[in-house]
Amino acid sequence: MLAGVTLAIAYIIVVISPLLLVMALHLHSPNELLYEIARSFGLSAFAILCLQSVLIARLKWMERPFGMDILSRFHKSIGVFLAIILLSHPPLLALGGGGWSLVTSLEQPWYIWLGRFGLLALVIHVFISVFSSSLGLTFEQWRRIHSILAPLIIVLVLVHSWETGDDLKEMPVRGLWIAFLVVFFAAYAYHKILKPTLLSRHPYRVMEVKQEVHNVWTVKLAPPKGEVLYDYYPGQFHFITFHRGGNLPVEEHHWTISSSPAQKDFISSTIKDSGDFTSTIGLTKPGDEALVQGPFGRFSYVLHPDDKDMVFIAGGIGITPFMGMLRHMRDTKADLRVVVLYANRSEEDIVFRDELAQMEAGERPHLTVVHILSNTETDWPGEKGYVDRNKIERHAGPLDGKAFYVCGPPPMNAAVIETLLDIGVPYNQIRSEIFSL
Amino acid sequence: MRFRRLKIVTTIIILIVLSACVCTALVRKFIIPPEPGKHHGSLDVPRTKTASPSLINVNQEYHSAGLIP
């Protein structure tokens, strides 16, 4: 908690540091107020822009207090805010006495045009990021565009502000700009070049590929020779890049770790064929190499030691973090009470069915598994339909002191969380994670 | 819940940044006194056709103060 608050305060200080600096330098400005506000927007926007790469550089010390999904959401929201304040920069300058030619005229110096191109690139960048799924972009396509546009925007905005901004004629402000630039490219290089290079020197090896159901595989990975597995909490996730030879794609994706940290010989991820890259996962063979970066995330019962009575609500492949947690509870003989509400479309989609039944029959954890199928046309004797209020109330029992963990497709997560709040579960007793980063 | 907290923190950060921008603008315009060679902003954006009224006013102000010829 303290680390998170400290980082949030540090972020704010860094973002407003250009403003503090120009005030500390006693740089008076005689322009109209709107004009000045526009300039302040420009100054703090550059700081925000440079910090964007730090937020998503997968730095452990930054990820640990928040979780990758929270950092990723924050990065996205601040990106939208950034686009708004930079879009308002030219019209505010114009309204503040700069003249509308700044916005409308083609006869502008090259550095104004650089600013325009930078702004255009930023708007495209934000639009693509916010609407990537609606645009039909794959994760890899989106990431390639993101990796090219981000440094381009920084360079365009830097040169524009350096040439145009009167404040940038002051050496301390120039020094700050160079520092921001160094921070941006250091984080960018670490994330895109240095870390992948280091990982490639210590590849994991595929031990086993097991088909769980018709469209789900579990891939077991052994750590590099002579090395031990990294420590992780059950329910966390990692990034994997498979190197499988032939024409198989080499792409980095993130998957939940479905193995238990008590198991020290291997680490596994259970992967669903969801089209695009994952459709080739069944072609992965023992002996293939994999670059593994992790662990990340905060979706783990281990991080909530007061949770003794839990309800896990899973949708489809959302069972994987719960499987990691349940296996860990079993391996450590944890004296915990867990009800699993596991929703699937049909019977053949149920992953880990036998293992869940075995754990249910075991002593610890005290487990109850309720399968819910949405395909009501079958002669399934169990629960049918969706995870709704009625089913939660019937199976979860009294709500007092219970912690609810939710992991499934985003619409299901939203609906379940809304239902939980409706039936009186306090906010701080609901735990979820957004899996799409 | 983490996401609710994220929304609150993001909103607070955005409001702080916006307030800081407005405060800086106010301080620079009304509180920090003009010093010779230290006035900023009037030449920020190239005016290709005519100088803005604020620029003209500043020049007149500085001229009458004997700061520029």
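Since the structure is predicted, the reported quantities are computational estimates derived from the model, not experimental observations.

Caption draft 1: Seen up close, the overall build of chain A. The secondary structure content of chain A amounts to 12 helices and 12 strands. In terms of principal-axis extent, the alpha carbons of chain A reach across some 75 × 50 × 40 Å. Within chain A, the proportion of its 437 residues that are buried is 41%. For chain A, the proportion of contacts with a sequence separation of at least 24, taken over those separated by at least 6, is 77%.

Caption draft 2: Representation of the packing of helix 1 (residues 2-24) of chain A against helix 2 (residues 33-55) of chain A within the structure. Residues and elements named next belong to chain A. Contact geometry for helix 1 and helix 2: axes closest at 9 Å, N-to-C directions at 145 degrees. You can see that helix 1 and helix 2 cross each other, and the crossing is right-handed. The segment helix 1 lies against helix 2, with Tyr 11, Val 14, Val 15, Ile 16, Ser 17, Pro 18, Leu 19 and Val 22 engaging Ser 40, Leu 43, Ser 44, Phe 46, Ala 47, Ile 48 and Leu 51. Looking at the contact of helix 1 with helix 2, its residues break down into 12 nonpolar, three polar and no charged.

Caption draft 3: Seen up close, the sheet that holds strand 1 (residues 204-213) of chain A. Residues and elements named next belong to chain A. Taken in spatial order, the six strands line up as 4-3-6-1-2-5 in an open sheet, and their pairing is antiparallel. Edge positions in the sheet fall to strand 4 (252-256) and strand 5 (267-272), since each has one partner strand and no second. Each neighbouring strand pair of the sheet contributes to a mean axis angle of 35 degrees, computed without reference to strand direction. The pairing of strand 1 with strand 6 (residues 289-296) spans two bridges and is classified as antiparallel. Looking at strand 6, one finds that Tyr 204 is bridged to Ala 290.

Caption draft 4: Representation of helix 12 (residues 410-422) of chain A. Residue and element names in this part refer to chain A. Its 13 residues give helix 12 an end-to-end C-alpha distance of 18 Å, which sits within 8% of 18 Å, the value for a rise of 1.5 Å per residue. Against the buried residues of helix 12 lie strand 7 (309-315), helix 11 (389-396), strand 11 (403-407) and strand 12 (430-432). Gly 424, located one to two residues past helix 12, shows a positive phi value of around 100 degrees.

Caption draft 5: Structural view of the interface of chain A and chain B. Counting residues at the interface gives 45 residues for chain A and 38 residues for chain B. When contributions to the side of chain A that touches chain B are tallied by element, the ones reaching two or more residues are helix 1, helix 2, helix 4 (68-98) and helix 5 (101-104) of chain A. Split into classes, the residues belonging to the side of chain A that touches chain B amount to 21 nonpolar, 17 polar and seven charged.

Caption draft 6: Up close: the environment of Ile 319 of chain A. All names here are of chain A. With respect to the helices and strands, the residue Ile 319 is situated in helix 9 (residues 319-331). For the pair Ile 319 and Asn 344, spaced 25 residues apart in the sequence, the C-alpha separation amounts to 10.0 Å. Excluding its chain neighbours within four sequence positions, the residues that come into contact with Ile 319 are Ala 314, Tyr 342, Val 351 and Phe 352.

Caption draft 7: Layout of the pairing of strand 11 of chain A. Residue and element names in this part refer to chain A. Buried residues dominate strand 11, accounting for five of its five residues. Every second residue of strand 11 is oriented toward a common face, with Ala 403, Tyr 405 and Cys 407 on one face and Phe 404 and Val 406 on the other, all of them buried. Direction of pairing for strand 7 relative to strand 11: parallel, over a ladder of five bridges. Counted as the bridge partner of Val 311 is Phe 404 from strand 11. The pairing of strand 11 with strand 12 spans three bridges and is classified as parallel.

Caption draft 8: The arrangement of the nonpolar core in detail. Residue and element names in this part refer to chain A. Counting residues in hydrophobic clusters, the biggest one holds 118 residues, and the most contacted among them are Ile 313, Val 340 and Leu 341. Among the elements that make up this core, the one with the highest residue count is helix 2 (13 residues). In contact with Ile 313, other than residues within four places in its own chain, are Leu 341, Val 387, Phe 404, Tyr 405, Val 406 and Val 416.

Caption draft 9: Spotlight on unusual backbone geometry. All names here are of chain A. That bond from Gly 294 to Pro 295 is cis: its omega, -5 degrees, falls within 30 degrees of zero. Tracing the backbone through its elements, the reader meets Pro 295 in strand 6. Here the amide bond leading from Arg 364 into Pro 365 is cis, since omega sits at 0 degrees, within 30 degrees of zero. Assignment of secondary structure puts Pro 365 in the loop between helix 10 (353-361) and strand 9 (366-373). Non-glycine residue Phe 352 carries a positive phi angle of around 60 degrees. Its place among the elements puts Phe 352 in the loop between strand 8 (337-344) and helix 10. Overall, Phe 352 belongs to the buried group, with 23 C-beta atoms counted inside 10 Å.

Rules of the game
- Residues numbered from 1 in each chain as written.
- Chains lettered and ligands numbered in written order.
- Predicted model: local features only at pLDDT ≥ 70, side-chain atom pairs only at ≥ 80, totals over all residues.
- Helix = DSSP H or I, 4+ residues; strand = E, 2+ residues; numbered from the N terminus.
- Buried ≥ 20, exposed ≤ 12 C-beta atoms within 10 Å, placed from the backbone.
- Contact = placed C-beta atoms within 7 Å.
- Axes fitted to C-alpha atoms, helices over the stretch in contact; angles between N-to-C directions.
- Left-handed = near helix turned anticlockwise from the far one by under 90°.
- Nonpolar A, V, L, I, M, F, W, Y, C, P; charged D, E, K, R; others polar.
- Pairing = 2+ DSSP bridges.
- Expected span 1.5 Å × (residues − 1).
- Core = buried A, V, L, I, M, F, W, Y, C linked by C-beta atoms within 7 Å.

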